[in-house]
Amino acid sequence: MHILLIEDNPADARLVHEALVEAKLSCKLNWKNTGGDALAFLRDTVAVDPTAAPDLILLDLNLPGVHGLEILGEIKTDDRLRHIPVIVLSSSMAKTDVMDAYRAYANAYVAKPTHFSQFVALVASINAYWVGAVLLPGKMV
């Protein structure tokens, strides 16, 4: 499992990493802290080897420079990237943010937990669903 985390807050990125370890999820985690870096990474990776694209993207909305919704729009309108599931992982629970994310074709919208144990439980549920139950396009033979 290859996960791309697009998150500008180093503390939140570390929490995601530690929660993955605590949940015993074996995966490769790439972290990009700006939308521009994330889009360049995705495009460069896919251009070199389409099979090396991440299996799942965790995307924060409030990023410096390129906003998360813009990144989501870029991903979902690029034929080479649109198949990658994108989970918006945001501290915002504003109805407009949730609706805008789904209108931009987010696969899921999850509010960031406030406690580490909740973060671990969230990561475990992401693992159970996206790794255990769902057939991901990148894993199809």
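Residues numbered from 1 in each chain as written. Predicted model: local features only at pLDDT ≥ 70, side-chain atom pairs only at ≥ 80, totals over all residues. Heavy atoms only, no water.

1. Examining the sheet that holds strand β1 (residues 2-6)
Strand order in this open sheet of five strands is β2-β1-β3-β4-β5, and the pairing throughout is parallel. The open sheet has two edge strands, β2 (28-32) and β5 (108-111), and neither has a second partner. Pairs of neighbouring strands in the sheet enclose a mean axial angle of 20°, with direction left out of account. Bridging between strand β3 (residues 56-59) and strand β4 (residues 86-90) involves three bridges; their strand directions are parallel. The residue of β4 that forms the bridge with Ile 57 is Val 86. Lying on the sheet, helix α1 (residues 10-22) is in contact with β1, β2, β3 and β4; it crosses β2 at an angle near 175°. (Pairing = 2+ DSSP bridges. Helix = DSSP H or I, 4+ residues; strand = E, 2+ residues; numbered from the N terminus. Axes fitted to C-alpha atoms, helices over the stretch in contact; angles between N-to-C directions. Contact = heavy atoms within 4.5 Å.)

2. Digging into the side chain of Asp 60
Relative to the helices and strands, Asp 60 resides in the loop between β3 and α3 (68-77). By relative accessible area, Asp 60 is classed as buried at 5%. Sequence-distant contacts of Asp 60, defined by excluding residues within four places in its chain, comprise Ile 6, Glu 7, Asp 8, Gly 68, Leu 89, Ser 90 and Lys 112. (Buried < 20%, exposed > 50% of the residue type's maximum accessible area, 1.4 Å probe, protein only.)

3. Considerations on the pairing of β1
Taken across its five residues, β1 has five buried, putting it largely inside the fold. Residues His 2, Leu 4 and Ile 6 of β1 are buried on one face, and the alternating residues Ile 3 and Leu 5, pointing to the opposite face, are buried as well. Taken together, the five bridges between β1 and β2 define a ladder with parallel strand orientation. Bridge pairing in β2 places His 2 opposite Lys 28.

4. Quick word on the packing of helix α2 (residues 35-48) against α3
The geometry of α2 relative to α3 is characterised by a closest axis approach of 10 Å and an angle of 15° between their N-to-C directions. One element, α2, and the other, α3, form an angle in the roughly parallel class. Handedness of the α2/α3 crossing: right-handed. Residue-level contacts link Gly 35, Leu 39, Leu 42 and Arg 43 of α2 to Ile 71, Glu 74 and Ile 75 of α3. (Parallel < 35°, antiparallel > 145°, perpendicular 65-115°, else oblique. Left-handed = near helix turned anticlockwise from the far one by under 90°.)

5. Comments concerning α1
For α1, which comprises 13 residues, the first-to-last C-alpha distance of 18 Å matches the rise-based estimate of 18 Å (1.5 Å per residue) to within 8%. For α1, the set of buried residues is Asp 12, Ala 13, Val 16, Ala 19 and Leu 20. Within α1, the buried residues cover an arc of 125° as seen down the axis, which keeps them to one side. Looking at α1, the residues exposed on the side facing more than 90 degrees away from the buried face are Pro 10, Arg 14 and Val 21. The secondary structure elements touched by the buried residues of α1 are β1, β2, β3, β4 and α5 (116-133). Its side-chain oxygen 2.8 Å from the backbone nitrogen of Ala 11, Asn 9 forms the N-cap of α1. Two residues or fewer after α1 comes Lys 24, characterised by a positive phi angle close to 60°. (Expected span 1.5 Å × (residues − 1). Arc of directions from axis to C-beta. Polar contact = N/O pair within 3.5 Å; in protein donor to acceptor, adjacent residues only side chain to side chain.)

6. Things to note about the packing of aromatic side chains
Tallied over the entire structure, the rule returns one aromatic pair. Aromatic side chains Tyr 129 and Trp 130 sit 5.0 Å apart centroid to centroid with 90° between the ring planes, which places their arrangement in the edge-to-face category. What makes Trp 130 buried here is its relative accessible area of 10%. (Phe/Tyr/Trp six-rings, centres within 6.5 Å; stacked < 30°, edge-to-face > 60°.)

Limitation: the analysis is restricted to geometry and does not speak to function.
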